[in-house]
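# Structural characterization, general
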Amino acid sequence: MYDGPFFTDDHRAFAATLRRFVDRDLTPHVAAWDEAEAFPREVYGQAAALGLLGLGFPEDCGGTPGDPFLKLVAAAELARAGSGGLAAGLGSHGIALPPIVGLGEPDQIARLVPPVLRGEVIAALAVTEPGGGSDVAHLRTTATRDGDDYVVHGEKTFITSGLRADLLTVAVRTGGSGAEGLTLLAVEGQPAGLTRSPLKKMGWWCSDTAHLHFDGVRVPVANRIGPEGAGFLGLMLDFNGERLGLATMAWAFAEVCFADALAWAQLRETFGRPLIHRQVIRHLLVDLRMDIDAVRATVERLAWRVGQGERPVAEVCMAKNLATRTLEHVAGACVQVLGGAGYMRGGRVERIFRESKVLSIGGGASEVLKDLAAKQLGW
């Protein structure tokens, strides 16, 4: 899997380390964690010890040095556990911390970031609201200055790791309408006035998802991330990376579905012959292989460009749409190949099939990203 021109011995060694961790400490427990709708907090520490949580963050705040292809390796190996909820829960800091690293003061970064990357603190990003998701510029949660504090009123919803997060990066409105009025605050612990409610969902069962209610929550001005009005910029620093990460995750889970469907087709006999001997199944698998390889090529090319310092916003939007659409198709087709076995809870393909739709919504719905791509291309 890692023999292409973008991969080195370091990438392959990291993949081997992660594979042992996934096979030994994650995969045997994923089905139980999914049914329990939670996974143990100690998994964060285990992942941190391998450098997994620090991928992409500066070394001086506890991050793991390396190029974007280490993230691709991490996504591929984590996907082998067959749980998007596990990957989302372990990776929620990946969207919560970039605004702090990008806009925060040195003392804020030193105080807030290293404990997360050590697996001691769980971090989450709180942007989406009940009245709007992808329309970030028009969120309504307010923060009013009162001496050395901001007083926060409003609601956030669909927040990954929102129930047990010790650190919330919260987008609030401190100014007028539009993007210019947005600011980011770091909300620590469980302050008075913050209520968290669990949400039930189609997939990602073992990753907690919360509705947050802020009723006069006081946040020190010292926890403002960057100046007032810089919140939208901080989120934009984050979104391109999040979308490329979601595209990578979609590709990785499509690979898992395909591997299980191919193995089943080679073993399962119908009317005295293995499924793989049926032309309709062989042709389906070839079509799926072509689709998955096209996504991988697209993701690898964009990872290389990002590693060169480029910010290909339109191309990342289109890659996320291509990858998530492909995953939905591949997961559904692989359930069909597995037949009744693919419909039973506990298997990787069944779980990924349930989880596939969320990737088309998170990080910007497909329809919104099409429009953003068109604008970026000057159309």
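Up top is the structure these notes are about.
Note that the structure is predicted; figures quoted are calculated from it, not measured. (Residues numbered from 1 in each chain as written. Predicted model: local features only at pLDDT ≥ 70, side-chain atom pairs only at ≥ 80, totals over all residues. Heavy atoms only, no water.)

## Examining the overall build of the chain
Put simply, the rule reads: Numbering of helices and strands runs from the N terminus, with a helix taken as a DSSP run of H or I at least four residues long and a strand as a DSSP run of E at least two residues long. Throughout, the radius of gyration refers to the C-alpha atoms, and the reference size of a globule is 2.2 Å times the residue count to the power 0.38. Classification of residues uses two cut-offs on accessible area relative to the type maximum, computed with a 1.4 Å probe and protein chains only: under 20% is buried, over 50% is exposed, and between them is partly exposed. Contact between two residues is taken to exist if any of their heavy atoms lie within 4.5 Å; hydrogens are not considered. Per-residue and other accessible areas follow the Shrake-Rupley method at a 1.4 Å probe size, with only the shown protein chains counted as cover for residues. His is not counted here, nor are the chain ends, while Lys and Arg score as positive and Asp and Glu score as negative. By convention, the point assigned to a charge is CZ for Arg, NZ for Lys, CD for Glu and CG for Asp.
When you go through the chain residue by residue, the secondary structure sums to 14 helices and ten strands. Relative to a compact globule of 379 residues, whose C-alpha radius of gyration would be 21 Å, the chain shows 21 Å and is just as compact. Across its three principal directions, the C-alpha atoms of the chain cover 80 × 45 × 40 Å. Counting every position in the chain, which comprises 379 residues, the buried fraction comes to 53%. Counted over contacts in the chain with a minimum sequence separation of 6, partners at least 24 positions apart contribute 77%. Accessible surface for the chain amounts to roughly 16700 Å². Of this, 56% is attributable to carbon and sulfur atoms. The chain carries 38 positive and 44 negative side-chain charges, and their two centres are separated by 5 Å.

## Overview of a nonpolar patch on the surface
Our working rule: Excluding any residue in a salt bridge, patches collect residues exceeding 30% relative accessible area, merging like charges within 9 Å and nonpolar Val, Leu, Ile, Met, Phe, Trp and Tyr side chains within 5 Å. Salt bridges are defined as contacts in which a side-chain nitrogen from Lys or Arg sits within 4 Å of a carboxyl oxygen from Asp or Glu.
On the surface, M318, L377 and W379 cluster together to form a nonpolar patch covering roughly 370 Å² of accessible area. Structurally, the position occupied by L377 is in the segment after α14 (366-376). Its relative accessible area of 33% is what places L377 among the partly exposed residues.

## Considerations on helix α1 (residues 9-26)
We apply this condition: Under the convention used throughout, the expected extent of a helix is 1.5 Å for every residue step, that is, one less than its residue count. Under this definition, polar contacts are N or O atom pairs within 3.5 Å; protein pairs additionally need one hydrogen-donor-capable and one acceptor-capable atom, and for neighbouring residues in sequence, both atoms have to be side-chain atoms.
Taking 1.5 Å per residue, 18 residues should reach 26 Å; α1 reaches 24 Å between its end C-alpha atoms and fits that length. Packed against the buried residues of α1 are α2 (30-36), α3 (42-49), α4 (68-79) and α5 (84-90). A side-chain oxygen of the first residue of α1 lies 3.3 Å from the backbone nitrogen of D10; this N-cap is T8.

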